[in-house]
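Analysis of the macromolecular model
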Amino acid sequence: MTTATTTHEVTYVDAISQALDEEMTRDERVFLMGEDIGTYGGAFKVTEGLLQKYGEWRVLDTPLSESGFVGAAIGAAMMGLRPVVEMQFADFISCAFDQITEVAAKNHYRWGAAVPLVIRAPFGGGVHGGPFHSECPEGWFFHSPGLKIVAPSTPYDAKGLLKAAIRDPNPVLYFEHKFLYRRIKAVLPQEDFVVPLGKADVKRRGRDLSVITYGAMVHLALEAAELLNKEGIDLEVVDLRTLIPLDKETLYESVRKTSKVILLHEDNKTGGIGAEIAALLAEECFDCLDGPILRIAPPDTPVPFSTPLEEFFLPKVSDIVSGARRLAAY
Amino acid sequence: MDQATVSNDIPRSDLLNMYWYLRLTRSLEDRITALYRQGRIVGGVYTSHGMEAIAVGYASALQPDDVIAPFHRDMGAFLIRGFTPGEILAQYLGKRTGPTKGKDGNVHMGDLKRGMIGFVSHLADNLPVAAGAALAFKIRREARVAFAGTGDGGTSRGDFHEAMNFAAVRRLPVVYFCTNNQYAYSTPVRCQMAITDVVERAKAYGMPGDIVDGNDVAAVYQASRRAIANARAGNGPTFLEFKTMRMHGHSEHDAAKYVPHELLEEWKAKDPILRAERLLMTLGYADESYFHDVGERVRKEVDAGTEFAEQSPLPEGPETLTGVFASVDEVSA
């Protein structure tokens, strides 16, 4: 980074708050809607202080009514505002599924109405949230044409991608990983910056094997890479950052270099994003593969609550290590 | 509607204008139905036959910069907003010159420039959307109103209730209506809800409501105008229940044998065009020769529209791939 920095470290969650605050200052059309986001500052305090700064019509507490307020955000977006909706937990996005997939996703295709809308959805496990507060629902929307989907893994990406999402003329689902909220910190540039949608990022360069992943799993892959490095297995970690539009070129380039690939995600395995990428790689990179395409993902169960169950459910560093060893043998 | 009230309250030109749109709607939809029966229109054909007064009445009461999220039997609203019979017929024929360029059919059309929000088949989906449009007007302090509705069946959906509640809580400048035409496809109102009047539902949200004779264009116009004025003045939303009867099947493929014949006969006598004609004659605004002349003129418009639509090109297959996403230059940065 060539931009000026301070030494002040910012958490992932603060990076999201900063992006909201800066975009609201930059563009008066940007406003926030969601449950308990005003006085309370949101379940995860992402919007804390914004009500005082921008007033109740730009930080709008809604009734408990996900379909209703997503629909309202679509209407406001079509009238020229830039709503950013908060799902209290990504799990609750299922209540708004119809508005997202039938109205927001199809309006432009059907009758040319742009819907510049962002829906922030705190997703993912590892926080003892159980079946209704840990879900990774991105797969449902990955299959719905007309939506963009973002899932950052670092404070820099979280801030830059949220700004890009707010400036995008389309509906963007922004999946922020709540396990990362206060665990990951970084020094961010002071100037305005965006991370363009649709660009993957190679978080670690390596020559032996590509791990393609996103969200909290990026950090798991980086941890596994350090362990495997000691055994002489050099992992490349590709962070998708944006799921739609998918940066196929970066994926193909990585796999053409390493010839081996692990697809890692926290969403359950069947019909997941890994399945789609596996199919793409089989179609486009078949000739350069030196081993099977491996998927590491949770079993096809709801996210369980009890600690040993949730630990069993979530992918682990050891899963990546053993998967990499298996592929190294080819 | 009391004639004296009407003559004092609605200018002659507005009444004649509404009569024009009643006839144009009827003529256009009769043509669409005929084309469907000839197999030249494929897919669903949902008409407002016998219910034309509702869309014509409310759309006439709105200002041009207000927005409408119509019910799927609101052809008159499209015509009043400047959609031409040619464009509409092109839409039904899947032509490139239709408002959706062949991407969608029949009444699933919209255009933000003309304040029409594209209809979504999932009934009541656009009610929260209209609340959001009204929210944008309120946030920007614009004196604009959103007008949105669904049928009796659609009021059973959660989105109807979520929209009504949100609009009432935030006192948004929106008017909601229900076209109570007594049947949701084949399901009569008594199997849809345990109340007789849909307007009862508004009470639960602290929203004022009115029952309106949906076959009386003047009554629809006046009730809409009152509700719109209230919304524009910052007094929040109103709910209007337009009582009417669906005179055709759900779609034109549906013979609607489940509707008692006597019920249709009873409502046939209340036809909104006949009633508008009686009103215009009583007020001395028009006579039989005027009605005949309007009939000729709307038929010519519909003929010209049919010609335009039939001459229009179909989209090419690969156009399927266009328009999934909006580009930055379509919206102001």
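Anything mentioned here points back to the structure above.
Because the structure is predicted, anything quoted here is derived from the model rather than measured.

Some details on the pairing of strand 6 (residues 209–213) of chain B
All names here are of chain B. For strand 6 and strand 7 (residues 238–243), the ladder comprises 5 bridges, and the chain directions are parallel. Across the sheet, the residue bridging to D213 is K243, located in strand 7. At this point the chain moves from strand 6, through helix 10 (residues 217–232), to the parallel strand 7, and the crossover so formed is right-handed.

As for the nonpolar core
Among the nonpolar cores identified, the biggest contains 203 residues, and A221 and I262 of chain A together with A130, A131, A133 and V174 of chain B are the most heavily contacted of them. Here this core spans two domains, since at least three of its residues come from each of domain 1 (9–189) and domain 2 (201–328) of chain A. Not counting residues within four places of it along the chain, the set of residues in contact with A133 of chain B comprises G75, A76, M78 and M79 of chain A together with V67 and A146 of chain B.

Quick word on the interface of chain A and chain B
The interface is formed by 35 residues belonging to chain A together with 37 residues belonging to chain B. Per-element accounting of the side of chain A that touches chain B gives the leading share, 10 residues, to helix 3 (residues 66–78) of chain A. A per-class count over the side of chain A that touches chain B returns 19 nonpolar, 13 polar and 3 charged.

Remarks on helix 6 (residues 126–139) of chain B
Between its first and last C-alpha atoms helix 6 of chain B spans 20 Å; for 14 residues at 1.5 Å apiece the expected length is 20 Å, and the two agree. Burial analysis of helix 6 of chain B places 12 of its 14 residues in the buried class, the great majority of the element. Among the residues making up helix 6 of chain B, those that are buried are N126, L127, P128, V129, A130, A131, G132, A133, A134, L135, A136 and F137 of chain B. Elements that come into contact with the buried residues of helix 6 of chain B comprise helix 3 and helix 4 (97–111) of chain A together with strand 1 (67–69), strand 2 (146–151), helix 7 (158–169) and strand 3 (174–180) of chain B.

Description of unusual backbone geometry
Most of the time, phi is negative for any residue but glycine, and the peptide bond is trans. Cis geometry is adopted by the peptide bond preceding P245 of chain A, which originates at I244 of chain A and carries an omega value of -5°. Along the chain, the position of P245 of chain A falls in the loop between strand 12 (242–244) and helix 8 (248–258). Positive phi, normally seen in glycine, also occurs at K45 of chain A, with a value near 65°. On the secondary structure map, K45 of chain A appears in the loop between strand 2 (30–34) and helix 2 (50–54). Even without being glycine, A256 of chain B reaches a positive phi, approximately 55°. Note on A256 of chain B: 15 C-beta atoms within 10 Å, which makes it partly exposed.

Quick word on the environment of L22 of chain B
All names here are of chain B. Of note, L22 is situated in helix 2 (residues 12–37). For L22, a count of 27 C-beta atoms within 10 Å translates into the label buried. Separated by 251 residues in the primary sequence, L22 and I273 have C-alpha atoms spaced 6.5 Å apart. Setting aside residues no more than four positions away along its own chain, L22 makes contact with E52, A53, V56, V217, P272, I273 and A276.

Considerations on the environment of A165 of chain A
Residue and element names in this part refer to chain A. Secondary-structure assignment places A165 in helix 6 (residues 155–167). The buried category is assigned to A165, around which 29 C-beta atoms lie within 10 Å. Between the C-alpha atoms of A165 and L117, which are 48 residues apart in sequence, the distance is 8.2 Å. If sequence neighbours within four positions are ignored, A165 has contacts with V118, V150, V172, Y174 and L197.

A short note on the environment of V129 of chain B
Take V129 of chain B: it is sitting in helix 6. Judged by the 34 C-beta atoms lying within 10 Å of it, V129 of chain B falls in the buried class. In the structure, V129 of chain B is positioned 113 residues away from L16 of chain B in sequence and 32 Å away in space, judged by C-alpha atoms. Not counting chain neighbours up to four residues away, the residues in contact with V129 of chain B comprise G71, I74, G75 and V103 of chain A together with A69 and I117 of chain B.

Rules behind the numbers
- Residues numbered from 1 in each chain as written.
- Chains lettered and ligands numbered in written order.
- Predicted model: local features only at pLDDT ≥ 70, side-chain atom pairs only at ≥ 80, totals over all residues.
- Pairing = 2+ DSSP bridges.
- Helix = DSSP H or I, 4+ residues; strand = E, 2+ residues; numbered from the N terminus.
- Right-handed = clockwise from strand over helix to strand, strands pointing away.
- Core = buried A, V, L, I, M, F, W, Y, C linked by C-beta atoms within 7 Å.
- Buried ≥ 20, exposed ≤ 12 C-beta atoms within 10 Å, placed from the backbone.
- Domains from an automatic or database assignment.
- Contact = placed C-beta atoms within 7 Å.
- Nonpolar A, V, L, I, M, F, W, Y, C, P; charged D, E, K, R; others polar.
- Expected span 1.5 Å × (residues − 1).

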